[in-house]
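# Structural features, examined
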Amino acid sequence: MRTYKIAAIPADGIGPEVIDAGIEVLSVLAQRVGDVRFDVATFDWGSDYYKKTGLMMPEDGLEQLKPFDAIYFGAVGAPDVPDHITLWGLRLPICQGFDQYANVRPTKIISGVTSPLRGVDAGDLDWVIVRENSEGEYSGHGGRAHKGMPEEVGTEVSIFTRVGVTRIMRYAFKLAQSRPRKFLTVVTKSNAQRFGMVMWDEIAAEVAQEFPDVTWDKMLVDAMTVRMVKNPQSLDTIVATNLHADILSDLAGALAGSLGVAPTANIDPERRFPSMFEPIHGSAFDITGKGIANPVATFWTASQMLDHLGEPETSARLMRAVEKVCADGILTPDVGGTATTKDVTNAVCEAIRGENI
């Protein structure tokens, strides 16, 4: 019996709804597989915790999380708490504190889900976006001077280090090498950002020499948005900076049908610390409590977690169940259906139980 310790942080908005669904599916998977067990501990950190304590998580939060094999995260953000407090109080301290420098966001059109792109079907859009997750535009360096005065100044410093850029490029090239097309697109903005992004381009070319079997090209981020919409079949693996990939991956999720089906993994490739897995849709307070949140992204990121834990067969079993349920038309309203969160969860659980493989 292989037992994995999972730290669940449902946090805000629809986070508890989708994480509850994910934990239920993991439990059914464990029963179906037989030799895997998930020991889940739930932490009540988030905006409600902040309103009570003034902190998004305890000061020793990272120490509490260190013994776990993985972190299963819901969503962070509340309408009555400033976004920079929620993000810098919980999610980013975990990502940066555990050096989860590779943010991996797969995107594909799942059968049964309709893309807003005309003439694009399942199989035409199948990407993995690799986001540099530790520095760049979200380094947290800068400040404000003369606050409230006419001459007020705010600075936000993007930091690119050779170590940081080299390791994310190497990760992206290795990932591209593992996929059938062996093709990588490096996103940049070196025409306007002439220091950090020029270094980004130079290091990409250096790392490419280590992977002669990987074909790669380079795109300015603004042109990349056009390519994603007009020629999605031309893309496969994509690597971009913290900010650029954050934006592009939301576009990718929308092009695949909904952010409700878009997962992400925050990976420490060296496995010094637990990695964190989450849907990218956010807290979605407009639908919180209505029972219609799409759990597919949360199931898909659980599949990523299983892959990371060394359980590829269990991961594949989960994704087969998710794809079957979507193909059968059991869909939440964000992707054109009428099913509830519970309907989709129950259907995925039944598909797992009933699978012959």
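Overview of the structure. Computed from a predicted structure; not experimentally measured.

Another point: the packing of aromatic side chains. Using the criterion set out here, one finds seven aromatic pairs in the structure. Centre to centre, the rings of phenylalanine 98 and phenylalanine 273 are 5.3 Å apart; their planes meet at 15°, and the pair counts as stacked. With phenylalanine 98 in the loop between helix 4 (83-97) and strand 4 (102-108) and phenylalanine 273 in the loop between strand 11 (263-267) and strand 12 (275-279), this pair connects stretches of sequence that are 175 residues apart. These aromatic residues form a ring-pair network of at least three members: Phe43, Trp45 and Phe68.

This part is about the pairing of strand 8 (residues 183-188). The buried fraction of strand 8 amounts to six of the six residues, a majority that puts the element mostly inside the structure. Burial along strand 8 is two-sided: Phe183, Thr185 and Val187 and Leu184, Val186 and Thr188, pointing in opposite directions, are all buried. Direction of pairing for strand 8 relative to strand 9 (residues 215-220): parallel, over a ladder of six bridges. When the bridges of strand 9 are listed, threonine 188 appears paired with leucine 220. With respect to chirality, the unit in which strand 8 leads through helix 6 (residues 196-208) into the neighbouring parallel strand 9 is right-handed. In the sheet, strand 8 pairs with strand 10 (residues 237-240) via three bridges, with the strands oriented parallel. Within strand 10, the residue paired with leucine 184 across the bridge is threonine 237.

We now examine the pattern of salt bridges. Evaluation of the coordinates by the stated rule reveals 24 salt bridges. Where arginine 167 meets aspartate 99, a salt bridge forms, and the shortest distance between an N and an O atom there is 2.8 Å. Here arginine 167 is found in helix 5 (residues 162-178), whereas its partner aspartate 99 is found in the loop between helix 4 and strand 4, with 68 residues between them in sequence. Because the salt bridges share partners, they merge into one network encompassing Asp99, Arg167, Asp268, Glu270 and Arg272.

Our focus in this paragraph is the environment of glycine 123. For glycine 123, the location among the structural elements is in the loop between strand 4 and strand 5 (126-132). By relative accessible area, glycine 123 is classed as exposed at 60%. Sequence-wise, glycine 123 and aspartate 83 are 40 residues apart; in three dimensions their C-alpha atoms are separated by 36 Å.

This part is about the environment of cysteine 349. Position of cysteine 349 among the secondary structure elements: in helix 11 (residues 341-354). A relative accessible area of 1% places cysteine 349 in the buried class. Separated by 24 residues in sequence, cysteine 349 and valine 325 have C-alpha atoms that sit 9.7 Å apart. The residues touching cysteine 349, leaving out its near neighbours within four places in the chain, are Glu24, Val25 and Val28.

A word on unusual backbone geometry. The backbone of histidine 146 shows a phi angle near 55°, a positive value even though the residue is not glycine. Turning to its location among the elements, histidine 146 is positioned in the loop between strand 6 (136-145) and strand 7 (153-159). A positive phi angle, near 45°, is found at alanine 284, a position not held by glycine. The topology assignment puts alanine 284 in the loop between strand 12 and helix 9 (296-308). The exposure class assigned to alanine 284 is partly exposed, which follows from its relative accessible area of 22%.

With that settled, the discussion passes to the packing of helix 9 against helix 10 (residues 312-327). When two helices pack together, their arrangement is given by the angle between the helix axes and by the axis-to-axis distance. The N-to-C vectors of helix 9 and helix 10 enclose an angle of 160°; their axes lie 7 Å apart at closest approach. Taken together, the axes of helix 9 and helix 10 lie roughly antiparallel to each other. Relative to helix 10, helix 9 is oriented so that their crossing is left-handed. Counting all contacts with helix 9, which are made through Val296, Phe299, Trp300, Ala302, Ser303, Leu306 and Asp307, the residues of helix 10 involved are Pro312, Thr314, Ser315, Leu318, Met319, Val322 and Cys326. For the contact of helix 9 with helix 10, a count of residues per class yields 10 nonpolar, three polar and one charged.

This part takes up the packing of helix 1 (residues 15-33) against helix 9. Remark: helix 1 packs on helix 9, axes separated minimally by 9 Å, with the N-to-C direction vectors making an angle of 50°. The angle between helix 1 and helix 9 places the two elements in the oblique class. The two elements helix 1 and helix 9 meet at a crossing, and its hand is right-handed. For the pair formed by helix 1 and helix 9, the contact residues are Val18, Ile19, Ala21, Gly22, Val25, Leu26 and Leu29 on the first element and Thr298, Phe299, Ala302, Met305 and Leu306 on the second. Per-class residue counts for the contact of helix 1 with helix 9 are 10 nonpolar, two polar and no charged.

Definitions and limits used
Residues numbered from 1 in each chain as written. Predicted model: local features only at pLDDT ≥ 70, side-chain atom pairs only at ≥ 80, totals over all residues. Heavy atoms only, no water. Phe/Tyr/Trp six-rings, centres within 6.5 Å; stacked < 30°, edge-to-face > 60°. Helix = DSSP H or I, 4+ residues; strand = E, 2+ residues; numbered from the N terminus. Buried < 20%, exposed > 50% of the residue type's maximum accessible area, 1.4 Å probe, protein only. Pairing = 2+ DSSP bridges. Right-handed = clockwise from strand over helix to strand, strands pointing away. Salt bridge = Lys/Arg side-chain N within 4 Å of Asp/Glu carboxyl O. Contact = heavy atoms within 4.5 Å. Axes fitted to C-alpha atoms, helices over the stretch in contact; angles between N-to-C directions. Parallel < 35°, antiparallel > 145°, perpendicular 65-115°, else oblique. Left-handed = near helix turned anticlockwise from the far one by under 90°. Nonpolar A, V, L, I, M, F, W, Y, C, P; charged D, E, K, R; others polar.

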